[in-house]
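# Structural overview
Take a look at the letters that make up each chain.
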Amino acid sequence: MQVIFVIENLMKSSSHGPHVVLINPPIYDFALYDLFLKPFGLLRIGKWLEQNSYEVTHINALDYSDPVSLETLGKPQRRRDGTGKFFRQELDYPENLARIPRKFARYGIVKEELLRKIRSLDRKPDLILITSGMTYWYRGVQEAVELCRIAWPGCPVGVGGVYATLMKEHCLKVCAADFVTKGPVWPGMKEELEKRGFPLPSGAPGVDYMNDDPVWRDSAVIRLNEGCPFNCDYCASSCLSPKFQAGDPGQAIKTIKALYERWGTRDFAFYDDALLVDKEKIFIPFLKEIIRLNLPLRFYNPNALHIRYLDENVLKLMIRAGFREIRMGFESSDDDFHEKKDGKVTMDVFARAVDALKSSGFPLHKVAVYILAGLPGQRWEEVERSIRYASGFGLRCRLAQFSPVPGTALWDESVRTSSFPLEEEPLYHNSTFFSMEWEGFRREDLERLKKLTRELYFRPEKRP
Ligand code: SF4
(Lines give C-alpha, C1' and ligand atoms only; values in the text may rest on other atoms or scores of the structure.)
Protein backbone atom coordinates (compact mmCIF):
# COMPACT_ATOMS: atom_id res chain seq x y z
CA MET A 1 0.00 0.00 0.00
CA GLN A 2 1.29 3.47 -0.82
CA VAL A 3 1.71 6.12 1.84
CA ILE A 4 1.29 9.67 0.63
CA PHE A 5 2.48 12.72 2.54
CA VAL A 6 3.46 16.32 1.93
CA ILE A 7 6.80 17.80 2.98
CA GLU A 8 7.01 21.58 2.64
CA ASN A 9 5.01 21.55 -0.58
CA LEU A 10 7.08 18.80 -2.15
CA MET A 11 4.62 16.18 -3.18
CA LYS A 12 5.97 12.75 -2.48
CA SER A 13 4.57 9.26 -2.79
CA SER A 14 6.37 6.43 -1.08
CA SER A 15 7.12 3.07 -2.66
CA HIS A 16 10.11 0.82 -3.21
CA GLY A 17 10.33 1.36 -6.96
CA PRO A 18 12.71 3.77 -8.73
CA HIS A 19 12.54 7.34 -7.47
CA VAL A 20 11.41 9.80 -10.15
CA VAL A 21 11.50 13.54 -9.53
CA LEU A 22 9.11 15.66 -11.58
CA ILE A 23 9.96 19.34 -11.99
CA ASN A 24 7.68 22.14 -13.13
CA PRO A 25 10.37 24.70 -14.08
CA PRO A 26 10.38 28.49 -13.58
CA ILE A 27 9.40 30.73 -16.50
CA TYR A 28 11.39 33.54 -18.11
CA ASP A 29 9.20 36.03 -19.95
CA PHE A 30 8.35 39.71 -20.40
CA ALA A 31 5.00 39.26 -18.66
CA LEU A 32 3.17 36.37 -17.08
CA TYR A 33 -0.21 35.93 -15.47
CA ASP A 34 -1.33 32.68 -13.91
CA LEU A 35 -4.50 31.91 -15.83
CA PHE A 36 -4.85 28.38 -14.48
CA LEU A 37 -1.28 27.48 -15.41
CA LYS A 38 -0.87 24.04 -13.87
CA PRO A 39 1.54 21.12 -14.47
CA PHE A 40 -1.36 19.01 -15.73
CA GLY A 41 0.60 16.66 -18.02
CA LEU A 42 3.42 16.25 -15.51
CA LEU A 43 1.10 15.20 -12.69
CA ARG A 44 -0.71 12.78 -15.00
CA ILE A 45 2.65 11.13 -15.64
CA GLY A 46 3.28 11.17 -11.88
CA LYS A 47 0.01 9.37 -11.20
CA TRP A 48 0.74 6.75 -13.82
CA LEU A 49 4.25 6.12 -12.47
CA GLU A 50 2.89 5.86 -8.92
CA GLN A 51 0.36 3.31 -10.11
CA ASN A 52 3.33 1.36 -11.48
CA SER A 53 5.14 1.33 -8.12
CA TYR A 54 7.54 4.18 -8.83
CA GLU A 55 8.22 6.63 -6.03
CA VAL A 56 7.36 10.11 -7.28
CA THR A 57 8.35 13.53 -5.94
CA HIS A 58 7.01 16.72 -7.50
CA ILE A 59 8.86 20.04 -7.22
CA ASN A 60 6.86 23.03 -8.38
CA ALA A 61 9.06 26.02 -9.21
CA LEU A 62 5.90 28.06 -9.87
CA ASP A 63 4.58 27.60 -6.34
CA TYR A 64 3.28 31.05 -5.36
CA SER A 65 3.10 30.12 -1.67
CA ASP A 66 6.73 29.06 -1.14
CA PRO A 67 7.69 30.44 2.32
CA VAL A 68 11.31 31.36 1.46
CA SER A 69 10.27 33.21 -1.70
CA LEU A 70 7.45 34.93 0.20
CA GLU A 71 9.99 36.27 2.63
CA THR A 72 12.41 37.36 -0.10
CA LEU A 73 10.03 38.68 -2.74
CA GLY A 74 6.77 39.41 -0.93
CA LYS A 75 3.33 37.98 -1.57
CA PRO A 76 2.21 37.84 -5.20
CA GLN A 77 -1.30 39.15 -5.74
CA ARG A 78 -3.75 36.31 -6.14
CA ARG A 79 -7.47 36.20 -6.82
CA ARG A 80 -10.21 34.19 -5.21
CA ASP A 81 -10.66 32.11 -8.38
CA GLY A 82 -7.11 30.73 -8.09
CA THR A 83 -5.57 32.94 -10.80
CA GLY A 84 -3.07 35.72 -10.18
CA LYS A 85 0.58 36.61 -10.16
CA PHE A 86 3.67 34.49 -9.57
CA PHE A 87 6.83 35.49 -7.76
CA ARG A 88 8.72 37.80 -10.11
CA GLN A 89 12.35 38.90 -10.27
CA GLU A 90 13.38 41.45 -12.85
CA LEU A 91 16.47 40.49 -14.85
CA ASP A 92 18.96 42.24 -17.09
CA TYR A 93 17.74 42.35 -20.67
CA PRO A 94 19.09 39.22 -22.44
CA GLU A 95 22.29 39.84 -24.36
CA ASN A 96 22.16 39.75 -28.16
CA LEU A 97 18.37 40.00 -28.17
CA ALA A 98 16.63 42.68 -30.25
CA ARG A 99 15.51 45.50 -27.96
CA ILE A 100 11.85 45.99 -27.14
CA PRO A 101 10.60 48.36 -24.47
CA ARG A 102 9.79 45.61 -21.96
CA LYS A 103 11.43 44.25 -18.83
CA PHE A 104 12.59 40.65 -18.84
CA ALA A 105 11.84 38.67 -15.69
CA ARG A 106 12.08 35.30 -14.04
CA TYR A 107 8.83 33.95 -12.58
CA GLY A 108 8.82 31.33 -9.85
CA ILE A 109 10.37 30.53 -6.50
CA VAL A 110 13.86 31.94 -5.93
CA LYS A 111 16.59 29.98 -7.66
CA GLU A 112 18.54 29.14 -4.50
CA GLU A 113 15.41 27.70 -2.94
CA LEU A 114 14.67 25.66 -6.04
CA LEU A 115 18.19 24.24 -5.89
CA ARG A 116 17.78 23.51 -2.19
CA LYS A 117 14.52 21.66 -2.84
CA ILE A 118 16.12 19.57 -5.59
CA ARG A 119 19.15 18.88 -3.41
CA SER A 120 17.36 18.06 -0.20
CA LEU A 121 15.39 15.06 -1.42
CA ASP A 122 15.51 12.38 1.22
CA ARG A 123 16.12 9.69 -1.35
CA LYS A 124 18.55 9.92 -4.26
CA PRO A 125 16.61 10.29 -7.51
CA ASP A 126 16.96 7.63 -10.20
CA LEU A 127 15.44 9.81 -12.89
CA ILE A 128 14.41 13.46 -13.21
CA LEU A 129 11.68 14.56 -15.62
CA ILE A 130 11.13 18.23 -16.44
CA THR A 131 8.08 19.55 -18.22
CA SER A 132 8.08 22.41 -20.72
CA GLY A 133 5.50 24.89 -22.01
CA MET A 134 5.82 27.57 -24.66
CA THR A 135 8.89 27.37 -26.89
CA TYR A 136 9.96 30.85 -25.71
CA TRP A 137 10.01 29.64 -22.09
CA TYR A 138 12.96 27.34 -22.74
CA ARG A 139 15.27 29.28 -20.40
CA GLY A 140 13.37 28.00 -17.38
CA VAL A 141 13.89 24.43 -18.60
CA GLN A 142 17.57 25.17 -19.16
CA GLU A 143 17.85 26.48 -15.59
CA ALA A 144 16.08 23.43 -14.15
CA VAL A 145 18.42 21.05 -16.01
CA GLU A 146 21.47 23.01 -14.76
CA LEU A 147 20.26 22.84 -11.15
CA CYS A 148 19.66 19.10 -11.44
CA ARG A 149 23.22 18.65 -12.70
CA ILE A 150 24.55 20.57 -9.68
CA ALA A 151 22.35 18.72 -7.20
CA TRP A 152 22.51 15.20 -8.62
CA PRO A 153 25.39 14.83 -11.09
CA GLY A 154 25.01 11.64 -13.07
CA CYS A 155 21.25 11.36 -12.58
CA PRO A 156 19.53 11.13 -15.98
CA VAL A 157 17.40 14.17 -16.81
CA GLY A 158 14.63 14.05 -19.42
CA VAL A 159 12.45 16.84 -20.81
CA GLY A 160 8.96 16.49 -22.27
CA GLY A 161 6.00 18.75 -22.96
CA VAL A 162 5.18 21.37 -25.57
CA TYR A 163 8.60 22.96 -26.21
CA ALA A 164 10.26 19.53 -26.15
CA THR A 165 7.79 18.26 -28.74
CA LEU A 166 7.97 21.26 -31.05
CA MET A 167 11.75 21.85 -30.81
CA LYS A 168 13.37 18.59 -29.80
CA GLU A 169 16.76 19.35 -31.36
CA HIS A 170 16.94 22.80 -29.80
CA CYS A 171 16.00 21.37 -26.42
CA LEU A 172 18.68 18.67 -26.63
CA LYS A 173 21.34 21.14 -27.65
CA VAL A 174 20.52 24.20 -25.56
CA CYS A 175 19.05 22.66 -22.42
CA ALA A 176 21.49 19.74 -22.57
CA ALA A 177 19.04 17.18 -21.20
CA ASP A 178 20.00 13.51 -21.44
CA PHE A 179 16.89 12.83 -23.47
CA VAL A 180 13.96 14.74 -24.87
CA THR A 181 10.57 13.16 -25.46
CA LYS A 182 8.75 14.35 -28.54
CA GLY A 183 4.98 13.89 -28.26
CA PRO A 184 3.30 11.67 -25.69
CA VAL A 185 5.62 10.49 -22.95
CA TRP A 186 4.51 6.95 -23.57
CA PRO A 187 5.80 5.14 -25.54
CA GLY A 188 8.15 8.12 -26.16
CA MET A 189 10.14 7.42 -23.00
CA LYS A 190 10.10 3.63 -23.25
CA GLU A 191 13.52 3.26 -24.79
CA GLU A 192 15.07 5.54 -22.15
CA LEU A 193 13.60 3.48 -19.30
CA GLU A 194 14.68 0.23 -20.94
CA LYS A 195 18.19 1.52 -21.50
CA ARG A 196 18.53 2.34 -17.81
CA GLY A 197 17.02 -0.90 -16.59
CA PHE A 198 13.91 0.65 -15.02
CA PRO A 199 10.75 -1.47 -14.84
CA LEU A 200 8.46 -0.69 -17.77
CA PRO A 201 5.13 0.74 -16.58
CA SER A 202 2.00 -0.81 -17.98
CA GLY A 203 -0.70 1.17 -19.79
CA ALA A 204 -0.14 4.87 -20.46
CA PRO A 205 -0.78 8.10 -18.53
CA GLY A 206 -4.54 8.59 -18.23
CA VAL A 207 -6.51 11.74 -17.45
CA ASP A 208 -6.15 11.03 -13.77
CA TYR A 209 -3.45 13.06 -12.01
CA MET A 210 -1.77 13.28 -8.59
CA ASN A 211 -4.76 14.67 -6.69
CA ASP A 212 -2.92 15.07 -3.43
CA ASP A 213 -0.59 17.74 -4.75
CA PRO A 214 -1.19 21.17 -3.15
CA VAL A 215 -1.01 22.73 -6.61
CA TRP A 216 -4.76 21.99 -6.83
CA ARG A 217 -5.62 23.76 -3.59
CA ASP A 218 -6.87 27.06 -5.02
CA SER A 219 -7.99 25.96 -8.47
CA ALA A 220 -7.65 22.98 -10.75
CA VAL A 221 -7.70 22.06 -14.41
CA ILE A 222 -9.48 19.26 -16.18
CA ARG A 223 -9.63 18.01 -19.73
CA LEU A 224 -12.53 16.14 -21.23
CA ASN A 225 -11.38 15.67 -24.82
CA GLU A 226 -7.88 15.39 -26.22
CA GLY A 227 -6.94 17.31 -29.38
CA CYS A 228 -9.15 19.06 -31.91
CA PRO A 229 -10.72 17.87 -35.19
CA PHE A 230 -9.85 21.20 -36.87
CA ASN A 231 -6.44 22.02 -38.20
CA CYS A 232 -6.09 25.78 -38.22
CA ASP A 233 -3.00 27.15 -39.92
CA TYR A 234 -1.94 29.20 -36.90
CA CYS A 235 -2.51 26.60 -34.16
CA ALA A 236 -0.23 23.89 -32.73
CA SER A 237 -3.03 21.66 -31.46
CA SER A 238 -2.57 19.00 -34.14
CA CYS A 239 1.23 18.97 -33.62
CA LEU A 240 0.70 18.16 -29.96
CA SER A 241 -2.35 15.88 -30.19
CA PRO A 242 -2.67 14.67 -33.79
CA LYS A 243 -6.08 13.05 -33.25
CA PHE A 244 -9.27 14.18 -31.56
CA GLN A 245 -10.08 11.71 -28.78
CA ALA A 246 -13.40 11.87 -27.01
CA GLY A 247 -13.12 12.02 -23.23
CA ASP A 248 -14.94 10.32 -20.41
CA PRO A 249 -17.33 12.64 -18.52
CA GLY A 250 -17.53 10.16 -15.62
CA GLN A 251 -13.77 10.31 -15.08
CA ALA A 252 -13.78 14.13 -15.11
CA ILE A 253 -16.59 14.15 -12.52
CA LYS A 254 -14.61 11.72 -10.36
CA THR A 255 -11.56 14.02 -10.45
CA ILE A 256 -13.63 17.08 -9.60
CA LYS A 257 -15.32 15.36 -6.67
CA ALA A 258 -11.98 14.06 -5.37
CA LEU A 259 -10.42 17.55 -5.46
CA TYR A 260 -13.47 19.16 -3.90
CA GLU A 261 -13.36 16.66 -1.06
CA ARG A 262 -9.57 16.73 -0.63
CA TRP A 263 -8.84 20.46 -0.97
CA GLY A 264 -12.24 22.13 -1.14
CA THR A 265 -11.33 23.19 -4.70
CA ARG A 266 -14.18 25.10 -6.32
CA ASP A 267 -12.64 26.68 -9.41
CA PHE A 268 -12.01 24.46 -12.42
CA ALA A 269 -10.62 25.44 -15.80
CA PHE A 270 -10.94 23.30 -18.90
CA TYR A 271 -7.74 22.63 -20.85
CA ASP A 272 -9.75 21.31 -23.81
CA ASP A 273 -9.09 22.54 -27.34
CA ALA A 274 -12.46 21.20 -28.46
CA LEU A 275 -14.76 21.14 -25.44
CA LEU A 276 -17.97 21.35 -27.49
CA VAL A 277 -17.15 18.76 -30.14
CA ASP A 278 -19.53 15.77 -29.82
CA LYS A 279 -21.12 17.68 -26.96
CA GLU A 280 -24.28 15.54 -26.91
CA LYS A 281 -22.19 12.55 -25.87
CA ILE A 282 -19.54 14.18 -23.70
CA PHE A 283 -19.97 17.75 -22.49
CA ILE A 284 -23.75 17.78 -22.03
CA PRO A 285 -23.81 14.59 -19.89
CA PHE A 286 -20.94 16.14 -17.90
CA LEU A 287 -22.90 19.37 -17.33
CA LYS A 288 -26.05 17.48 -16.33
CA GLU A 289 -24.15 15.47 -13.74
CA ILE A 290 -22.50 18.61 -12.34
CA ILE A 291 -25.93 20.22 -12.03
CA ARG A 292 -27.25 17.12 -10.29
CA LEU A 293 -24.36 17.11 -7.79
CA ASN A 294 -25.26 20.68 -6.83
CA LEU A 295 -21.78 21.57 -5.52
CA PRO A 296 -20.64 25.20 -5.28
CA LEU A 297 -18.30 24.96 -8.29
CA ARG A 298 -17.18 27.52 -10.87
CA PHE A 299 -15.91 26.69 -14.36
CA TYR A 300 -13.77 28.58 -16.88
CA ASN A 301 -12.61 27.99 -20.43
CA PRO A 302 -9.26 29.77 -20.91
CA ASN A 303 -8.98 28.07 -24.33
CA ALA A 304 -11.67 29.46 -26.60
CA LEU A 305 -14.81 27.52 -27.50
CA HIS A 306 -15.88 26.63 -31.04
CA ILE A 307 -18.50 29.18 -31.97
CA ARG A 308 -20.30 26.83 -34.36
CA TYR A 309 -21.24 24.44 -31.53
CA LEU A 310 -22.67 27.06 -29.18
CA ASP A 311 -26.45 26.88 -28.88
CA GLU A 312 -29.05 27.96 -26.38
CA ASN A 313 -29.39 24.54 -24.78
CA VAL A 314 -25.71 24.06 -24.00
CA LEU A 315 -25.38 27.67 -22.82
CA LYS A 316 -28.28 27.30 -20.39
CA LEU A 317 -26.73 24.14 -18.98
CA MET A 318 -23.36 25.90 -18.69
CA ILE A 319 -24.98 28.70 -16.69
CA ARG A 320 -26.64 26.20 -14.34
CA ALA A 321 -23.41 24.20 -13.94
CA GLY A 322 -21.51 27.31 -12.84
CA PHE A 323 -19.65 28.60 -15.92
CA ARG A 324 -18.32 32.04 -15.11
CA GLU A 325 -17.18 33.06 -18.57
CA ILE A 326 -17.26 32.19 -22.24
CA ARG A 327 -14.28 32.78 -24.51
CA MET A 328 -15.05 32.46 -28.20
CA GLY A 329 -12.49 31.75 -30.92
CA PHE A 330 -13.69 34.15 -33.63
CA GLU A 331 -10.32 35.35 -35.01
CA SER A 332 -11.65 37.45 -37.91
CA SER A 333 -14.79 38.79 -39.56
CA ASP A 334 -13.20 38.23 -42.95
CA ASP A 335 -14.76 35.21 -44.72
CA ASP A 336 -11.68 34.92 -46.87
CA PHE A 337 -9.54 34.54 -43.73
CA HIS A 338 -11.65 31.61 -42.54
CA GLU A 339 -11.77 29.99 -45.97
CA LYS A 340 -8.00 30.02 -46.22
CA LYS A 341 -6.80 29.54 -42.67
CA ASP A 342 -9.23 27.60 -40.51
CA GLY A 343 -12.70 26.93 -41.94
CA LYS A 344 -14.15 27.03 -38.47
CA VAL A 345 -16.67 29.86 -38.54
CA THR A 346 -18.73 32.06 -40.86
CA MET A 347 -20.45 35.34 -40.07
CA ASP A 348 -23.87 33.64 -40.11
CA VAL A 349 -22.66 31.10 -37.59
CA PHE A 350 -21.26 33.86 -35.41
CA ALA A 351 -24.53 35.83 -35.50
CA ARG A 352 -26.47 32.68 -34.54
CA ALA A 353 -24.14 32.05 -31.60
CA VAL A 354 -24.65 35.62 -30.37
CA ASP A 355 -28.45 35.13 -30.59
CA ALA A 356 -28.06 31.94 -28.54
CA LEU A 357 -25.96 33.81 -25.96
CA LYS A 358 -28.61 36.48 -25.64
CA SER A 359 -31.57 34.11 -25.41
CA SER A 360 -29.78 31.84 -22.92
CA GLY A 361 -29.33 34.74 -20.52
CA PHE A 362 -25.55 34.31 -20.30
CA PRO A 363 -24.23 37.66 -19.01
CA LEU A 364 -22.68 39.32 -22.06
CA HIS A 365 -20.07 41.12 -19.97
CA LYS A 366 -18.66 37.66 -19.18
CA VAL A 367 -18.15 36.84 -22.85
CA ALA A 368 -14.85 37.52 -24.63
CA VAL A 369 -14.33 37.25 -28.37
CA TYR A 370 -10.78 36.52 -29.49
CA ILE A 371 -9.52 38.29 -32.60
CA LEU A 372 -6.20 37.24 -34.08
CA ALA A 373 -3.70 39.98 -34.79
CA GLY A 374 -0.27 39.97 -36.35
CA LEU A 375 -0.35 36.98 -38.73
CA PRO A 376 2.15 36.97 -41.59
CA GLY A 377 1.04 39.51 -44.19
CA GLN A 378 -2.08 40.53 -42.25
CA ARG A 379 -3.09 44.19 -42.54
CA TRP A 380 -4.26 46.20 -39.55
CA GLU A 381 -7.41 47.21 -41.45
CA GLU A 382 -8.65 43.61 -41.41
CA VAL A 383 -8.20 43.41 -37.64
CA GLU A 384 -9.97 46.72 -37.13
CA ARG A 385 -12.94 45.54 -39.22
CA SER A 386 -13.15 42.39 -37.09
CA ILE A 387 -13.05 44.35 -33.84
CA ARG A 388 -15.79 46.71 -35.03
CA TYR A 389 -17.90 43.83 -36.31
CA ALA A 390 -17.82 41.77 -33.08
CA SER A 391 -18.11 44.85 -30.84
CA GLY A 392 -21.24 45.79 -32.76
CA PHE A 393 -22.96 42.83 -31.08
CA GLY A 394 -22.15 44.31 -27.67
CA LEU A 395 -19.40 41.77 -26.98
CA ARG A 396 -15.98 42.42 -25.56
CA CYS A 397 -13.13 41.72 -27.99
CA ARG A 398 -9.70 40.60 -26.93
CA LEU A 399 -6.76 40.73 -29.30
CA ALA A 400 -4.92 37.43 -29.43
CA GLN A 401 -1.47 38.33 -30.71
CA PHE A 402 -0.07 35.81 -33.12
CA SER A 403 2.87 33.76 -31.95
CA PRO A 404 4.74 31.78 -34.63
CA VAL A 405 4.87 28.12 -33.65
CA PRO A 406 7.19 25.53 -35.23
CA GLY A 407 5.27 22.76 -36.98
CA THR A 408 2.19 24.84 -37.82
CA ALA A 409 1.17 25.58 -41.41
CA LEU A 410 2.16 29.24 -40.96
CA TRP A 411 5.63 28.47 -39.63
CA ASP A 412 7.57 28.53 -42.92
CA GLU A 413 5.93 31.75 -44.01
CA SER A 414 6.61 33.24 -40.58
CA VAL A 415 10.30 32.32 -40.80
CA ARG A 416 10.51 33.75 -44.32
CA THR A 417 8.81 37.04 -43.57
CA SER A 418 9.96 37.83 -40.04
CA SER A 419 12.89 40.14 -39.48
CA PHE A 420 13.82 38.02 -36.43
CA PRO A 421 15.75 34.71 -36.59
CA LEU A 422 12.82 32.57 -35.45
CA GLU A 423 14.54 29.27 -36.10
CA GLU A 424 17.60 30.09 -34.03
CA GLU A 425 16.09 31.93 -31.09
CA PRO A 426 12.72 30.76 -29.71
CA LEU A 427 12.48 33.90 -27.55
CA TYR A 428 11.34 35.61 -30.75
CA HIS A 429 8.26 33.35 -30.87
CA ASN A 430 6.93 35.42 -27.99
CA SER A 431 4.10 37.59 -29.30
CA THR A 432 5.59 40.50 -27.34
CA PHE A 433 8.15 40.84 -30.16
CA PHE A 434 5.39 41.25 -32.76
CA SER A 435 7.67 39.30 -35.06
CA MET A 436 5.39 39.68 -38.12
CA GLU A 437 5.48 43.47 -38.05
CA TRP A 438 5.59 44.97 -41.56
CA GLU A 439 4.62 48.23 -43.24
CA GLY A 440 0.98 47.05 -43.48
CA PHE A 441 0.79 46.44 -39.72
CA ARG A 442 3.08 48.35 -37.38
CA ARG A 443 3.45 48.14 -33.61
CA GLU A 444 1.71 51.51 -33.28
CA ASP A 445 -1.27 50.08 -35.22
CA LEU A 446 -1.40 47.22 -32.75
CA GLU A 447 -1.39 49.60 -29.78
CA ARG A 448 -4.13 51.67 -31.39
CA LEU A 449 -6.24 48.55 -32.00
CA LYS A 450 -5.85 47.45 -28.38
CA LYS A 451 -7.14 50.85 -27.34
CA LEU A 452 -10.00 50.57 -29.79
CA THR A 453 -11.18 47.23 -28.33
CA ARG A 454 -11.37 48.84 -24.89
CA GLU A 455 -13.11 51.95 -26.18
CA LEU A 456 -15.75 50.07 -28.13
CA TYR A 457 -16.57 47.98 -25.10
CA PHE A 458 -16.62 50.68 -22.44
CA ARG A 459 -18.10 53.43 -24.63
CA PRO A 460 -21.06 51.81 -26.42
CA GLU A 461 -21.86 55.07 -28.23
CA LYS A 462 -18.72 54.45 -30.33
CA ARG A 463 -19.90 51.03 -31.56
CA PRO A 464 -21.07 50.66 -35.15
S1 SF4 B 1 -7.42 27.14 -33.20
FE2 SF4 B 1 -9.01 26.04 -32.10
S3 SF4 B 1 -10.22 25.11 -33.73
FE4 SF4 B 1 -8.29 25.62 -34.63
S5 SF4 B 1 -7.03 23.79 -34.45
FE6 SF4 B 1 -6.59 25.11 -32.70
S7 SF4 B 1 -7.92 24.38 -31.10
FE8 SF4 B 1 -8.73 23.58 -33.03
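Residue numbers here run from 1 along each chain, matching the order of that chain's written sequence. Local features in this predicted model are restricted to residues of pLDDT 70 or higher, and side-chain atom pairs are both shown and tallied only at a pLDDT of 80 or more, whereas totals for entire chains, interfaces and linings draw on every residue. Derived side-chain values reflect all non-hydrogen atoms in the structure, with water molecules and hydrogen atoms excluded from consideration.

What follows deals with the site of the ligand. The nearness test applies per residue and asks whether one of its heavy atoms lies within 4 Å of the molecule or strand. By nearness alone, every residue bordering the ligand is listed as Cys228, Phe230, Cys232, Tyr234, Cys235, Ser237, Asp273, His306 and Lys344. Taken together, the residues of the shell around the ligand sort by class into 5 nonpolar, 2 polar and 2 charged. Gly falls in the polar group here, along with every residue not listed as nonpolar (Ala, Val, Leu, Ile, Met, Phe, Trp, Tyr, Cys, Pro) or charged (Asp, Glu, Lys, Arg).

A separate point is the domain arrangement of the protein. Domain segmentation is taken from an automatic or database assignment of domains. Domain boundaries in the protein define domain 1 (3-195) and domain 2 (214-462). With centres defined by C-alpha atoms, the gap from domain 1 to domain 2 works out at 26 Å. Domain 1 puts 34 residues into the contact, and the matching count from domain 2 is 34 residues. Two parts placed together each lose some accessible area; with a 1.4 Å probe, that loss summed over both constitutes the buried area. On the domain 1 side of the contact with domain 2, Phe36, Phe40 and Tyr136 bury the most area, a combined 22% of that side's loss. A side-chain nitrogen of Lys or Arg and a carboxyl oxygen of Asp or Glu constitute a salt bridge if their distance falls within 4 Å. Taken together, domain 1 and domain 2 are joined by 1 salt bridge. Throughout, a residue-residue contact means that at least one pair of heavy atoms, one from each residue, lies within 4.5 Å.

A separate point is the pairing of strand β15 (residues 367-373). Along β15, 7 of the 7 residues are buried, which leaves the element largely enclosed by surrounding structure. The rule is simple: take the accessible area with a 1.4 Å probe, protein chains only, and divide by the maximum for that residue type; under 20% is buried, over 50% is exposed, in between is partly exposed. A run of H or I in DSSP becomes a helix once it reaches four residues, and a run of E becomes a strand once it reaches two; helices and strands are each numbered from the N terminus. The alternating pattern of β15 places Val367, Val369, Ile371 and Ala373 and Ala368, Tyr370 and Leu372 on opposite faces, both of which are buried. For strand β14 (residues 326-331) and β15, the ladder comprises 5 bridges, and the chain directions are parallel. Along β15, the bridge assignment pairs Ile326 with Val367. In terms of handedness, the path from β15 via helix α15 (residues 380-391) over to strand β16 (residues 396-401) forms a crossover that is right-handed. One bridge is not enough; two strands pair if DSSP finds at least two bridges between them. A right-handed crossover is one whose linking path, passing over the helix from the first strand to the second, runs clockwise when the strands point away from the viewer.

Put simply, a patch holds well-exposed residues, over 30% relative accessible area, that have no salt bridge, with like charges counted together within 9 Å and Val, Leu, Ile, Met, Phe, Trp or Tyr side chains within 5 Å. In short, Shrake-Rupley with a 1.4 Å probe defines the accessible areas, and a residue's cover is counted only from the protein chains shown. When charges are counted, Lys and Arg contribute as positive and Asp and Glu as negative, whereas His and the chain ends are disregarded. In this description, the location of a charge corresponds to atom NZ of lysine, CZ of arginine, CG of aspartate or CD of glutamate. A cluster of basic side chains, namely Arg80, Arg266, Arg324 and Lys366, defines a positive patch on the protein surface. When its relative accessible area of 72% is taken as the criterion, Arg80 is described as exposed.

Read from one edge of the open sheet, 3 strands run β14-β15-β16, paired in parallel fashion. Edge positions in the sheet fall to β14 and β16, since each of these pairs with one other strand and no more. Pairs of neighbouring strands in the sheet enclose a mean axial angle of 30 degrees, with direction left out of account. Here β15 runs beside β16; their pairing, made up of 6 bridges, is parallel. Lines fitted to C-alpha atoms define the axes here, with helix axes fitted over just the stretch in contact, and angles between the N-to-C directions of these axes take values from 0 to 180 degrees.

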